[in-house]
Amino acid sequence: KETDSEAMWAKDKVSEQIDDKLSLKWFLKAAEMGHIHSQKRVAGLHYTEGLGVRPNAASSFKWRLRAANQGDGESQYIVAMAYMKGKGVLEDFVESYRWFNIASVTVEAMQEENRTLIVSREGSPQPDTVSESIYDFQIKNQRLMEEISEKSRKRSAKRGVRYKPLPPISVLAT
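Cut-off values and rules
- Residues numbered from 1 in each chain as written.
- Predicted model: local features only at pLDDT ≥ 70, side-chain atom pairs only at ≥ 80, totals over all residues.
- Heavy atoms only, no water.
- Salt bridge = Lys/Arg side-chain N within 4 Å of Asp/Glu carboxyl O.
- Helix = DSSP H or I, 4+ residues; strand = E, 2+ residues; numbered from the N terminus.
- Core = buried A, V, L, I, M, F, W, Y, C linked by side-chain atoms within 4.5 Å.
- Buried < 20%, exposed > 50% of the residue type's maximum accessible area, 1.4 Å probe, protein only.
- Contact = heavy atoms within 4.5 Å.
- Polar contact = N/O pair within 3.5 Å; in protein donor to acceptor, adjacent residues only side chain to side chain.
- Expected span 1.5 Å × (residues − 1).
- Phe/Tyr/Trp six-rings, centres within 6.5 Å; stacked < 30°, edge-to-face > 60°.
- Lys NZ or Arg CZ within 6 Å of the ring centre and 35° of its normal.
- Patch = residues over 30% accessible without salt bridge, like charges linked within 9 Å, V, L, I, M, F, W, Y side chains within 5 Å.
- Areas by Shrake-Rupley, 256 points an atom, 1.4 Å probe, with all protein chains shown as cover.
- Lys, Arg positive; Asp, Glu negative; His and termini not counted.
- Charge placed at Lys NZ, Arg CZ, Asp CG, Glu CD.

Peer 1: Residue-level account of the pattern of salt bridges, with values.
Peer 2: Enumeration over the complete set of coordinates arrives at three salt bridges. With its nearest N and O atoms 3.3 Å apart, the salt bridge here joins Asp 72 to Lys 40. Taken together, the residues span a long stretch of sequence, with Asp 72 in the loop between α4 (57-69) and α5 (73-85) and Lys 40 in helix α3 (residues 36-48) at a distance of 32 residues. When the shortest N-O distance is used, the salt bridge between Glu 95 and Arg 98 registers 3.1 Å. Residue Glu 95 and its partner Arg 98 are both found in helix α6 (residues 93-120); the two are separated by three residues, about one turn of the helix. Residues joined by salt bridges that share partners form a network here, namely Lys 40, Asp 72 and Glu 74.

Written out as structure tokens, the structure is:
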């Protein structure tokens, strides 16, 4: 099944250069077979952008939801935004919140997997070195934010405006 959808994906990459409607036809076939990239393509370029078909937010949402249900982090985020804005689906903040949580878990897992890949490569920075770099960055960022906050406080005092500082950014221990 996966091989068939991949073949349709490849065939469509050729047909997209010829005709937008033909492109949609082949992407739809692959999308219906569960090919995530095709589902995203149908949702994005075809039903959102109007390539070969009139834009249709509900159809775009339908295809994004199918990709999201298969674990695509980008689609999960877009589904959450659609629920939040009521675009292609009824506005539903509970569903939006749920999909934002799902997307964050998916993306976090992908980030961890990519960090593991980087560390496993020969000559790559090791976790201790990376942690030290992140810590140094956080310290510099904290100092910069304090400096900006102090400048804002002084400007506010000159104008006679009450200044309410933002809470400090905590530096994470490594």
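Peer 1: Which residues make up the nonpolar core, and what are the values?
Peer 2: Core analysis: the largest hydrophobic core is formed by eight residues, namely Leu 24, Phe 27, Leu 28, Ala 31, Val 42, Ala 43, Tyr 47 and Trp 63. Every element with two or more residues in this core is listed here: α2 (20-32) and α3. Among the elements that line this core, the one with the most residues is α2, at four residues. Among residues more than four places away in sequence, those in contact with Val 42 are Leu 24, Phe 27, Leu 28, Ala 31, Tyr 47 and Trp 63.

Peer 1: Mind laying out the side chain of His 35, listing which residues take part and the relevant values?
Peer 2: Within the secondary structure layout, His 35 lies in the loop between α2 and α3. One polar contact links His 35 to Ser 38, side chain to side chain, over a distance of 3.0 Å.

Peer 1: Explain α2 to me, using residue names and the numbers behind them.
Peer 2: In this model α2 runs 18 Å from its N-terminal to its C-terminal C-alpha over 13 residues, within 8% of the 18 Å that 1.5 Å per residue would give. The set of residues buried in α2 consists of Ser 23, Leu 24, Trp 26, Phe 27, Leu 28, Ala 30 and Ala 31. Just beyond α2, the residue with positive phi is Gly 34, at close to 95 degrees.

Peer 1: Give a detailed account of the packing of aromatic side chains, specifying residues and quantitative values.
Peer 2: Applying the stated criterion across every chain, the model contains two aromatic pairs. Ring geometry for Phe 61 and Tyr 83: centres 5.2 Å apart, planes at 85 degrees, overall edge-to-face. Of this pair, Phe 61 sits in helix α4 while Tyr 83 sits in helix α5; the two residues are 22 residues apart in sequence, bridging distant segments of the chain. Its relative accessible area of 12% is what places Tyr 83 among the buried residues. Over the ring of Trp 26 we find Lys 29, and its NZ or CZ is 5.5 Å from the ring centre.

Peer 1: Could you give an account of a positive patch on the surface, with specific residues and numbers?
Peer 2: Taken together, the side chains of Lys 154, Arg 155, Lys 158 and Arg 159 present a region of like positive charge at the surface. Here Arg 155 shows up in helix α7 (residues 127-159).

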